[in-house]
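Structural features, examined
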Amino acid sequence: MTIIKGNAVDWLSLAERVTQGYEVGKEEAQRIMRASNDELLQVMQAAFHIRKTYFGTKVKLNMIVNAKSGLCPEDCGYCSQSIISEAPIDKYAWLTKDKILEGARESIRRKAGTYCIVASGRRPTHREIAHVVEAVKEIRATTDLKVCCCLGFLSEEHARQLAEAGVHRYNHNLNTSKDNYGRITTTHTYDDRVETVKEAAASGMSPCSGAIFGMGETEEEQVEIAFELKRLGADSIPCNFLNPIDGTPLEGRRELTPVKALKILAMMRFVNPDKEIRIAGGREVNLRSLQPLGLYAANSIFIGDYLTTAGQDQHADWQMIEDLGFEIEECAL
């Protein structure tokens, strides 16, 4: 039951109840999305109370290596690497093992505890899995990095091989709500994505799954995504905000404001209180000057560049974290 004082929600009291085991419902989550701008700081303070209870003031850093770029047969409307994209991006087959290992060392230099090996495409081949397994084994033997992979749809056998090689986490985002999915992608289904998240979890890898907000979904659908991720048991939840890349079907679409993005992060924290909430792609162009406020709800960010778009300079991210009085959690194990 939402705690009401007059016509306003007592957000901090609600947050305290969440830290004691209370699970917010969809109506309460939607109330966060509908909160007035005057309530924003109260909502963020309440989200921070939950975040601090489970994670203190530590911030996890994650770094991506784009191990295979472009050449993807899928028609995801947001993606510059899809078959229907006309965006001018670098296209290349797999990086060598040495290049992937070099990325791991760069991850350490950037103080990122989690190294994410990402490849475009519908699903990996046996040969590609073997290539990743070889690199992961060496990374695990020579560093203390947490390794995450994002390689597309997974078979049971491929999931097992990655888990046995030492991959800690597998990322496969839901991207948008089930009802909105057909307007974003037609070459696979929402249920296909759900099954891959389940397959990753069944193998023993930690399931990482999130969404890209600002793709035509309603506030109610944004809430649905948060609860679906909770149902699936996602341990890490990347909250991407659409960066509408020129040359993609969603170019020019700008639905989010910085305040709306902050409310999404706060809502996600209330619904998934003890999970890693990560501010991911598009934070620089959507949160803009309000980026630091996002870390009052989220406890994780990507550092450096994304797949085909540039991120904020690493020194600026380090400074942002220091200015908040927060601390980088350099070892994610």
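Note that this is a predicted model, so its numbers are computed, not measured.

Some remarks on the pattern of salt bridges
Close approach of charged atoms lets side chains of opposite charge pair. Enumeration over the complete set of coordinates arrives at 21 salt bridges. Among the ionic pairs, E128 bridges to K68, the shortest N-O distance being 3.2 Å. On the criterion of sequence distance, the pair formed by E128 in helix α5 (residues 126-142) and K68 in strand β3 (residues 58-68) is long-range, its members being 60 residues apart. Here E128 matches K68 in class, with each residue buried.

A short note on the UniProt feature "binding site: [4Fe-4S] cluster" (unreviewed entry) in the protein chain
UniProt's feature table lists "binding site: [4Fe-4S] cluster" (unreviewed entry) at C72, C76 and C79, given in the numbering used throughout. Along the chain, C76 falls in the loop between β3 and α4 (97-109). Among the residues examined, C76 registers a relative accessible area of 8% and is labelled buried. Contact partners of C76, with chain neighbours within four places excluded, come to S82, I184, T185 and H188. Tracing the backbone through its elements, the reader meets C79 in the loop between β3 and α4. Here C79 is in contact with S85 and T248, once residues within four sequence places are set aside.

Observations concerning the environment of N286
Inspection of the secondary structure assignment puts N286 in helix α11 (residues 283-286). Of the residues examined, N286 reaches a relative accessible area of 7% and is grouped as buried. A sequence separation of 44 residues divides N286 from L242, and the C-alpha atoms of the two residues are 7.9 Å apart. The contact partners of N286, leaving out residues within four places of it in the chain, are F241, L242, L256, T257 and P258. Within polar-contact distance, the side chain of N286 engages the backbone oxygen of F241 at 3.3 Å. Reaching out from N286, the side chain makes a polar contact with the backbone oxygen of G282 at a distance of 2.9 Å.

Considerations on helix α1 (residues 11-19)
All of the buried residues along α1 are W11, L14, A15, V18 and T19. Seen from one end, α1 has its buried residues packed into an arc of 145 degrees, which puts them on one side. Contacts from the buried residues of α1 go to β2 (8-9), α2 (26-33), α3 (40-55) and α10 (258-271).

Some remarks on the UniProt feature "binding site: [2Fe-2S] cluster" (unreviewed entry) in the protein chain
Mapped onto this structure's residue numbering, the UniProt feature "binding site: [2Fe-2S] cluster" (unreviewed entry) falls at C116, C148, C208 and R278. A compact arrangement is adopted by the annotated residues: their sequence extent is 163 residues, whereas the largest C-alpha distance between any two is 13.8 Å. Relative to the helices and strands, C116 resides in strand β4 (residues 114-119). Leaving out residues up to four positions away in the same chain, C116 has contacts with N62, M63, I64, V65, C148 and F302. Relative to the helices and strands, C208 resides in strand β7 (residues 206-208). The residues touching C208, leaving out its near neighbours within four places in the chain, are R169, Y170, N171, H172, S236, P238 and R278.

Overview of α4
Think of an α-helix as turning once every 3.6 residues; residues three or four places apart then point the same way. Helix length check: α4, at 13 residues, gives a terminal C-alpha distance of 19 Å against a target of 18 Å (1.5 Å per residue), a fit within 8%. Turning to α4, its buried residues number three or more, namely I100, L101, G103, A104 and S107. All buried residues of α4 fall inside an arc of 150 degrees around its axis, so they share one side. Across from the buried face of α4, at angles greater than 90 degrees, the exposed residues are D98 and R109. On its buried face, α4 sits against β3, β4 and α5. Once α4 ends, the next one or two residues include K111, with phi positive near 70 degrees.

Some points on the side chain of S177
Residue placement: S177 occurs in the loop between β6 (169-171) and α7 (178-181). Note on S177: relative accessible area 5%, which makes it buried. Not counting residues within four places of it along the chain, the set of residues in contact with S177 comprises Y190, E221 and I225.

Considering the nonpolar core
Of all hydrophobic cores here, the largest spans 90 residues; its most connected members are I117, L162, F241 and F270. Setting aside chain neighbours within four positions, we find F241 in contact with I212, F213, L256, A261, I264, L265, I279, G281, G282, R283, N286 and L287. I64, C150, F302 and Y306 belong to the second largest nonpolar core, which has eight residues in total.

Definitions and limits used
- Residues take numbers from 1 onward in each chain, read along the sequence in its written order.
- The model is predicted, so local features are restricted to residues of pLDDT at least 70 and side-chain atom pairs to those at 80 or more, both for listing and for counting; the totals for chains, interfaces and linings are taken over all residues.
- The basis for every side-chain value is the complete set of non-hydrogen atoms in the structure, without hydrogens or water.
- Criterion for a salt bridge: a side-chain nitrogen of Lys or Arg within 4 Å of a carboxyl oxygen of Asp or Glu.
- In this description a helix means any DSSP run of H or I spanning at least four residues, a strand means any run of E spanning at least two, and both kinds are numbered starting from the N terminus.
- Burial status follows relative accessibility: with a 1.4 Å probe on protein chains alone, a residue under 20% of its type maximum counts as buried, one over 50% as exposed, and anything between as partly exposed.
- UniProt positions are given in the numbering used here, feature names are shortened, and annotations may be inferred rather than shown by experiment.
- By the convention used here, residues are in contact when the closest approach between their heavy atoms is within 4.5 Å.
- The definition of a polar contact used here is a pair of N or O atoms within 3.5 Å, where within protein one atom must be able to donate a hydrogen and the other to accept one, and adjacent residues in sequence count solely through side-chain atom pairs.
- In this description, the arc belongs to the directions extending from the helix axis to the C-beta atoms.
- Expected span, for any helix, means 1.5 Å times one less than how many residues it has.
- Among buried residues, the Ala, Val, Leu, Ile, Met, Phe, Trp, Tyr and Cys ones that are joined through side-chain atoms within 4.5 Å form a nonpolar core.

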